[in-house]
Amino acid sequence: GCSDSKNHIVSFMHANINCSDLERSRSFYEMLGFTPVVEGDSEATAEFAAALDMPPYELRFVQMLSKDGSLIDLIEWEDPFDASAPYASINHLGIAHLTLQTSNLDADISILRAHGVALFSEPAVLDNSLESKRFVCFKDPDGTIIELAETVGFGTTTDSSIHITGIMNVNINCSDYFQSRLFYENLGFKVLTEIETEGTPGVAAAIDTSSFNVRGALMELRRKGPTLSLLKWQEPYDDSAPYSQLNHLGLARIALMSTDLDADIARLKAEGVEIFSDPATPERPLAFLRFVCLKDPDGTVIELVELFPKMKP
C-alpha cells in the first residue's frame, strides 16, 4: 500500500536482555555462540534517561553478536537496580522469549548439559502452518527464557563447537491480537502466515505449560533478519502487564532500525502512538546512533534506532 513509502523501519537490530551479573551472562551467551563486540558503561542525565522513560541511571553493557549478525544488547543496570525475576512463563504478555537457531540441536543440547543448563524437557517437534521445528527451552542465568530450535533441512556435523547461528525469532505476546497485529503492521512488519493452533502435550511440556492454544501471526520486516511471532494465548492466558520499566531483568525491549527516524516519529505520532521523548544520542562508544522508545498496545517497549544520522541543516 501507499503507507510503505512513508515507513522507514527496515530491519531488526537487537534484543535487549537485562541481567544481574554482566560477566556471568556474557559467559553464558558466549557459550551460545555470541561474540562481544562493543562494551562500556553509561551514566545518564535526567534528559537522556527520559528517552527510556527512566530516572537518571548507571549501567554497564556488552553487545553480543551472533554468526548471522543478530545482536543481543546485554545490560546490567547498576542504579536503579531491580532484582525481580523475569517472566516465569512463556505465555506472559510482553517479550516472553527469544528463539535461537541451530544447525545441530542434539550436539548443542550436549554442550548445554555439559555446562549444567537445565532443559524444560526432551526435544519436542512443533509442526503447524506457522513453523516446523524441533526445539528445547531453557533459562539464562537470571531466568530469561531461551528456545533453541532446529528447522527442517539442516545437516548434522560432528564437531564439538556450538552450532547456533543467531536469533531466529522474537516472541511478543499480546492481549488483543487484531489491535497488536495492526500496530506491528504499522511499524513495517508483514504477516507471513497466521495460525490458530493447539499443541500436543509434548509441545506443552517443552514450553513448561499445562496446555498450548494460541492465535497469532509470524511476521517479518523487509530486510529479513529474525521473525516476530505475535501470539495471543487462548490457553493458558495470563493478563498481567509487561514489565513497567526498562531496567527489569529479562527481555525488556527490542530495537528496530529506521533509515529516517524523524519521518517515522512524525508518522507514528500522527497515528496516536506515544513516543517517550525526543530522539536521544548516547555517548561514546554508541554516539553514532539516535533512538526513541515507544510502547505497543500492551505496553511492550519497542526502540527505533537510526545509525549515522545525516545532520539536518
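The structure displayed is predicted, hence computed values, not measured ones.

1. Let's talk about the sheet that holds strand β13 (residues 250-258)
On the basis of which strands lie adjacent, the open sheet formed by seven strands has the order β2-β3-β4-β1-β13-β15-β14 and mixed pairing. At either end of the open sheet lies a strand with only one pairing partner, and these are β2 (35-44) and β14 (289-295). Neighbour to neighbour, the strand axes of the sheet diverge by 25° on average, direction disregarded. For strand β1 (residues 9-18) and β13, the ladder comprises eight bridges, and the chain directions are antiparallel. In the strand pairing of β13, His14 is matched with Ala255. The sheet contacts of helix α7 (residues 261-270) involve β1, β13, β14 and β15 (301-307), and relative to β14 the element is tilted by about 15°.

2. Some points on the packing of aromatic side chains
Taken as a whole, this structure holds 11 aromatic pairs when the rule is applied. With 5.5 Å between their ring centres and 80° between their planes, Phe212 and Trp233 make a pair best called edge-to-face. Taken together, the residues span a long stretch of sequence, with Phe212 in the loop between α6 (201-206) and β11 (213-220) and Trp233 in strand β12 (residues 227-235) at a distance of 21 residues. A single burial state applies to Phe212 and to Trp233, both of which are buried. Members of the aromatic cluster, each reached through a chain of ring pairs, are Phe28, Tyr29, Phe34 and Phe138. In this structure, Lys133 is placed above the aromatic ring of Phe135, and the distance from its NZ or CZ to the ring centre is 5.1 Å. The ring of Tyr237 is capped by Lys232, whose NZ or CZ atom sits 4.1 Å from the centre of that ring.

So, how was this worked out
Residues numbered from 1 in each chain as written. Predicted model: local features only at pLDDT ≥ 70, side-chain atom pairs only at ≥ 80, totals over all residues. Heavy atoms only, no water. Pairing = 2+ DSSP bridges. Helix = DSSP H or I, 4+ residues; strand = E, 2+ residues; numbered from the N terminus. Axes fitted to C-alpha atoms, helices over the stretch in contact; angles between N-to-C directions. Contact = heavy atoms within 4.5 Å. Phe/Tyr/Trp six-rings, centres within 6.5 Å; stacked < 30°, edge-to-face > 60°. Buried < 20%, exposed > 50% of the residue type's maximum accessible area, 1.4 Å probe, protein only. Lys NZ or Arg CZ within 6 Å of the ring centre and 35° of its normal.

Function cannot be inferred from these measures alone, as they are strictly geometric.
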